[in-house]
Structures are given as structure tokens and as C-alpha cells.
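Examining the three-dimensional arrangement
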Amino acid sequence: MTKPPAPMREPTYFILAALQDEPLHGYAIVKRALELSDGRVRLTTGTLYAALDRLTGEEMVRVAEETVVNGRARRTYELTERGLSALHGEAARLIAAARVVRDRSVRSTVATVRTAPA
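Here is a short report on the structure shown in this document. (Residues numbered from 1 in each chain as written. Predicted model: local features only at pLDDT ≥ 70, side-chain atom pairs only at ≥ 80, totals over all residues. Heavy atoms only, no water.)

1. Describing helix α2 (residues 26-36)
Within α2, burial applies to Gly26, Ala28, Ile29, Val30, Arg32 and Ala33. Where α2 is buried, its residues touch α1 (10-18), β1 (24-25), α3 (45-57) and β3 (72-79). Asp38 sits one or two positions beyond α2 and adopts a positive phi of about 55°. (Buried < 20%, exposed > 50% of the residue type's maximum accessible area, 1.4 Å probe, protein only. Helix = DSSP H or I, 4+ residues; strand = E, 2+ residues; numbered from the N terminus. Contact = heavy atoms within 4.5 Å.)

Now the structure itself:
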């Protein structure tokens, strides 16, 4: 039996989610992750590039383009098929986890309503 992948850390999830629609450079990834997470994920430069290096090594993202802007290299990153699959898998895991709580809450509410005095 294959062991399921470990849950993703929230920054990793939102980095991959930021790249889901289009390739982005580092600052755009930071902005998109902040937006998609409703302000919860605030990536520092060090955290972002360490994660991108790791995700590149895991073949979940790749450098789509490298240009020089104001004398500095600017890399644009894109999601790979492996990264998209991992993102979808994590989204499914989160949905299943939320369903456990939501379904129990519905049952608890129904049980409370049935046993409440008239």
C-alpha cells in the first residue's frame, strides 16, 4: 500500500495556487499568494526562493523564462503537471478534512433540534 503524500504547508500550497493560472515572477507570486490566502500567507523573499528552489528540485515548478531587468536576473516560474497534480491532491485532502467537520456539525445540529424540548 502506498503511503499518501504528507500534507502541504500553507505557504507551499499558496505558491502552487498562485502559479495555477499563469507563470509569474517572484514578487507577483508573493502578491498573488497574499491575495489568494486572504492575507494569511505573507512570504518573505528568503522563504519564497527557498520554496521555489525546493519545488523546482521536486519538479513541481520550473523556470519558464529568465530575463535581465535593471541588471538583475528575473525568473518567471510556472507550474508543472506534477505540481498541478500535487495542488489538486492537496485541495481534495483539504475538502475531505473539512467535510468531516461540516458533516459532524450538521449531525450535531439535527440531534440538538430533535432532542430540544418543545
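2. Details of the sheet that holds strand β2 (residues 61-69)
Reading across from one edge, β1-β3-β2 is the order of the 3 strands in this open sheet, with antiparallel pairing throughout. The open sheet is flanked by β1 and β2, the only strands paired with a single partner. With 2 bridges joining them, β1 and β3 adopt antiparallel strand pairing. Across the sheet, residue Leu24 finds its bridge partner in β3, namely Tyr77. (Pairing = 2+ DSSP bridges.)

3. Some thoughts on the pattern of salt bridges
One side chain can pair with another of opposite charge once the charged atoms of both are near each other. In total, this model carries 8 salt bridges according to the counting rule given. In this structure, Glu58 engages Arg54 in a salt bridge whose closest nitrogen and oxygen atoms are separated by 3.5 Å. A residue is classified by how much of its surface remains accessible, and Glu58, at 30% relative accessible area, is partly exposed. Taking the relative accessible area as the measure of exposure, Arg54 reaches 37% and is therefore partly exposed. One salt bridge in this structure joins Glu90 and Arg93, with 2.7 Å as the shortest N-O distance. Separated by 3 residues within a single helix, Glu90 and Arg93 lie in helix α4 (residues 81-115), roughly one turn from each other. Note on Glu90: relative accessible area 6%, which makes it buried. (Salt bridge = Lys/Arg side-chain N within 4 Å of Asp/Glu carboxyl O.)

4. Some points on the pairing of β2
In this sheet, β3 lies alongside β2 in antiparallel orientation, the contact comprising 8 bridges. Bridging from a neighbouring strand, Val69 pairs with Arg72 of β3.

5. Brief notes about the side chain of Thr12
Within the secondary structure layout, Thr12 lies in helix α1. Classification of Thr12 by relative accessible area gives buried; the value is 7%. A distance of 2.7 Å separates polar atoms of two side chains, one belonging to Thr12 and the other to Arg54. If sequence neighbours within four positions are ignored, Thr12 has contacts with Arg54 and Leu55. (Polar contact = N/O pair within 3.5 Å; in protein donor to acceptor, adjacent residues only side chain to side chain.)

Read these as spatial facts, not as claims about activity.
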